[in-house]
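Structural description and commentary
Below are the chains, spelled out letter by letter.
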Amino acid sequence: MTNHPATIEAAQRAQESAEAIAALTGQPTHDIGVVLGSGWAPAARMLGEVVADVPVTDVPHFAAPAVEGHAGRILSVDADGTRVLVFLGRTHLYEERGVDAVTHGVRTVAASGARMVVLTNGCGGLNADWSPGTPVLIRDHINLTGASPLHGTHFVDLTDLYSPRLRGICREIDPSLPEAVYTQFRGPMYETPAEIGMVRAIGGGLVGMSTALEAIVARAVGLEILGLSLVTNLAAGMSGAPLNHEEVLEAGHAAAERMGGILARVVREA
Ligand code: 8IG
């Protein structure tokens, strides 16, 4: 069932946001949505020609991002004829605005006419070979937030949630891209070393605070999904050093060329 009142209201808000984005960008529809998370902003300018650049606060129903390094802008980018709707920054569950605020971006991508979404994030890595600045394809996820972004009796299949087709295109672009299972915690605290031990035991390779809830709604609204993580730090307890947000931003700048190159090609080839 997709007719729970909260689902209908969320779809209506997304429709209003999509109409505002169309008016503000001069682009009636977009083909692909891209959500750029921690560390990914420097890669944005490599996507194509920026046709419009709008503060999210000019669009109804979007909240200003609370996290440093999340610029809070919406871009319309022309990637050789593919119209890409880019979100610089996102709303996280730990901001306590509720699951509908967290997933409003992906609902708006669908309402804008797109058929696919690229969800990116900065995250912790459980493989010691992944130095900060390593991009990793998300193969699957484990949702440890205790939250669901769906309302009512809405059964959604999550098999192959992270499109094998899009992962294949990415590996053609960059054969050295690893794949891993993304494990989402609510945050905002990072994990304890014991929690990282649990993640390892259940098959997780990445830890983050954003993408799983967005991917669930992206599937529910019919989008094809590509998930790309940037490992910005080794997971807690692995490096001997405490975790901090500055290394996230540094890793993004260091890896921008490689990430931007992958994004620029995948939006053209997908
Ligand atoms: I950047 O180590 C970033 N985001 N949960 N754990 C979790 N989220 C993160 C981490 C991390 N690094």
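So, here's what we can say about the structure.

Cut-offs and rules
Residues numbered from 1 in each chain as written. Predicted model: local features only at pLDDT ≥ 70, side-chain atom pairs only at ≥ 80, totals over all residues. Heavy atoms only, no water. Core = buried A, V, L, I, M, F, W, Y, C linked by side-chain atoms within 4.5 Å. Buried < 20%, exposed > 50% of the residue type's maximum accessible area, 1.4 Å probe, protein only. Helix = DSSP H or I, 4+ residues; strand = E, 2+ residues; numbered from the N terminus. Contact = heavy atoms within 4.5 Å. Salt bridge = Lys/Arg side-chain N within 4 Å of Asp/Glu carboxyl O.

1. Remarks on the nonpolar core
One broad trend across soluble globular proteins is that nonpolar side chains are buried collectively. Within the largest apolar cluster, 36 residues are counted, with the highest numbers of intra-cluster contacts made by Ile-74, Val-117, Leu-206 and Ile-225. Broken down by secondary-structure element, the contributors of at least two residues to this core are α1 (5–25), β4 (82–88), α2 (99–111), β5 (116–125), β6 (134–143), β7 (179–184), α5 (211–220) and β9 (224–234). Among the elements that make up this core, the one with the highest residue count is α5 (5 residues). Residue contacts for Val-117: discarding those within four places in its chain leaves Gly-33, Val-35, Val-106, Val-109, Ala-218, Leu-223, Glu-224, Ile-225 and Leu-226. Of all hydrophobic cores here, the second largest spans 31 residues; its members include Val-34, Leu-75, Leu-230 and Ala-255.

2. A short note on the environment of Glu-49
Relative to the assigned elements, Glu-49 resides in strand β2 (residues 49–55). Taking the relative accessible area as the measure of exposure, Glu-49 reaches 53% and is therefore exposed. Separated by 29 residues in sequence, Glu-49 and Asp-78 place their C-alpha atoms 5.1 Å apart. Once residues lying within four places of it in the same chain are set aside, the contact partners of Glu-49 are Ser-76, Val-77 and Asp-78.

3. Some remarks on the pattern of salt bridges
The full count for this structure, using the stated rule, is 15 salt bridges. One salt bridge connects Asp-157 with Arg-219, and the closest N-O pair in it is separated by 3.8 Å. With Asp-157 in the loop between β6 and α3 (164–173) and Arg-219 in helix α5, the pair connects residues that are 62 residues apart, well separated along the chain. The class for Asp-157 is partly exposed, based on a relative accessible area of 49%. Each of Arg-139, Arg-167, Arg-171 and Glu-179 takes part in salt bridges that share partners, so that together they form one network.

4. So, unusual backbone geometry
Across the junction of Gly-187 and Pro-188, the peptide omega takes the value 0 degrees, indicating a cis bond. In this fold, Pro-188 is placed in the loop between β7 and α4 (193–201). Despite not being glycine, His-61 shows a phi value in the positive range, around 80 degrees. Within the fold, His-61 resides in the loop between β2 and β3 (73–79). Taking the relative accessible area as the measure of exposure, His-61 reaches 37% and is therefore partly exposed.

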